[in-house]
Every structure is written in structure tokens, then in C-alpha cells.
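Close look at the chain arrangement
What follows is each chain in one-letter form.
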Amino acid sequence: MAQENDIIEFDDTEAIKFIMNQLTEEERGRITDDDIQYVLDLINDYYDEQNFYEDESEIVEEAEVAEDDMLQYIMSAVKKDPDFNLSEEDVALILDGEFGYGQSIGIYASEE
């Protein structure tokens with residue numbers, strides 16, 4: 001029986017833990033698990049709108065993400081949602097952590 005080792009799963013729970021561990025104590029005082037989950041959901045929405053998914057679950061093999069565009073997309077959504085009060089700096093910290101998590105599990109490759 002062949003195993004499917006090529007499929008890398010992005011686990012939101014593990015991503016949240018990873019991101020929280022990257023934050024300073026002060027930043028963890030401002031940024032909650034719910035904030036991170038919200039930004040992770042917005043990242044998925046952004047990828048979907050940019051047609052970065054080959055199907056419902058897999059991101060395309062090679063894609064260039066315009067980080068400034070993604071940040072602006074997320075900030076636009078955050079500003080419209082009264083339940084979340086994240087600064088652009090906080091969102092950028094979460095994005096950096098999400099990228100670090102993605103690199104750690106092999107989803108993202110660093111640019112050389």
C-alpha cells in the first residue's frame with residue numbers, strides 16, 4: 001500500500017502555537033489565539049481570491065505572494081470588523097509567524 005507522504009497539512013492549531021511562541025510576552029498580551037485564527041482565515045480568503053488553490057485544499061506548487069497586497073487585504077478586513085482590534089504591526093507579526101510555520105513544515109520555501 002503506497003503512502004501519501006507528499007501531502008503537507010497546514011494545521012491551524014499547530015500554527016497558532018508556533019506563532020504564539022514567536023511573540024514576545026508583551027505581544028502575547030495584545031494578540032490572542034482568536035486574533036491569529038482570524039488572520040489565518042483571512043490569509044486563506046486572500047489565497048482563494050488570488051486563485052492560489054489548485055482545488056479546495058491544495059495551494060499551487062509555485063506562487064508569488066505580494067506580501068504588501070496581502071497585508072492591505074487583511075488590514076481592510078480587520079478595520080471593518082468591530083470584534084478585532086489589531087494594528088498593522090500586530091498583523092505583520094502574525095504574517096511573519098505564519099510564514100515561519102509554513103517554512104517549518106515545508107509549505108513555503110525561502111527566497112534565495
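To be clear, the structure that these remarks concern was listed above.
Everything quoted here is computed from the prediction, not taken from an experiment.

**Points about the packing of helix α1 (residues 12-22) against helix α5 (residues 88-105)**
Interaxial distance between α1 and α5 falls to 9 Å at its minimum, and their mutual angle equals 120°. With respect to their mutual orientation, α1 and α5 come out oblique. Seen along the crossing, α1 lies across α5 with a hand that is right-handed. Contacts from Glu 14, Ala 15, Phe 18 and Ile 19 in α1 reach Ile 94, Gly 97, Glu 98, Gly 100, Tyr 101 and Ser 104 in α5. Tallied by class, the residues present in the contact of α1 with α5 amount to five nonpolar, three polar and two charged.

**Digging into the pattern of salt bridges**
Within this structure, the stated rule accounts for four salt bridges. The partner of Arg 30 in a salt bridge is Glu 26, and the shortest N-O contact between them spans 3.3 Å. With Arg 30 and Glu 26 both in helix α2 (residues 25-30), this residue pair falls four residues apart, about one helical turn. The exposure class of Arg 30 is partly exposed, given its relative accessible area of 33%. A relative accessible area of 60% means that Glu 26 is categorised as exposed. Put simply, Glu 26, Arg 30, Glu 89 and Asp 90 are held in one network by salt bridges that share partners.

**Some words on the nonpolar core**
Ile 36, Ile 43, Ile 74, Val 91 and Leu 95 are the most contacted members of the largest nonpolar core, which has 26 residues in total. Broken down by secondary-structure element, the contributors of at least two residues to this core are α1, α3 (33-49), α4 (67-80) and α5. Examining the composition of this core, we find that eight residues originate from one element, α3, more than from any other. Contact partners of Ile 36, with chain neighbours within four places excluded, come to Ile 16, Ile 19, Met 20, Ile 31 and Ile 94.

Conventions and cut-offs
- Residues numbered from 1 in each chain as written.
- Predicted model: local features only at pLDDT ≥ 70, side-chain atom pairs only at ≥ 80, totals over all residues.
- Heavy atoms only, no water.
- Axes fitted to C-alpha atoms, helices over the stretch in contact; angles between N-to-C directions.
- Helix = DSSP H or I, 4+ residues; strand = E, 2+ residues; numbered from the N terminus.
- Parallel < 35°, antiparallel > 145°, perpendicular 65-115°, else oblique.
- Left-handed = near helix turned anticlockwise from the far one by under 90°.
- Contact = heavy atoms within 4.5 Å.
- Nonpolar A, V, L, I, M, F, W, Y, C, P; charged D, E, K, R; others polar.
- Salt bridge = Lys/Arg side-chain N within 4 Å of Asp/Glu carboxyl O.
- Buried < 20%, exposed > 50% of the residue type's maximum accessible area, 1.4 Å probe, protein only.
- Core = buried A, V, L, I, M, F, W, Y, C linked by side-chain atoms within 4.5 Å.

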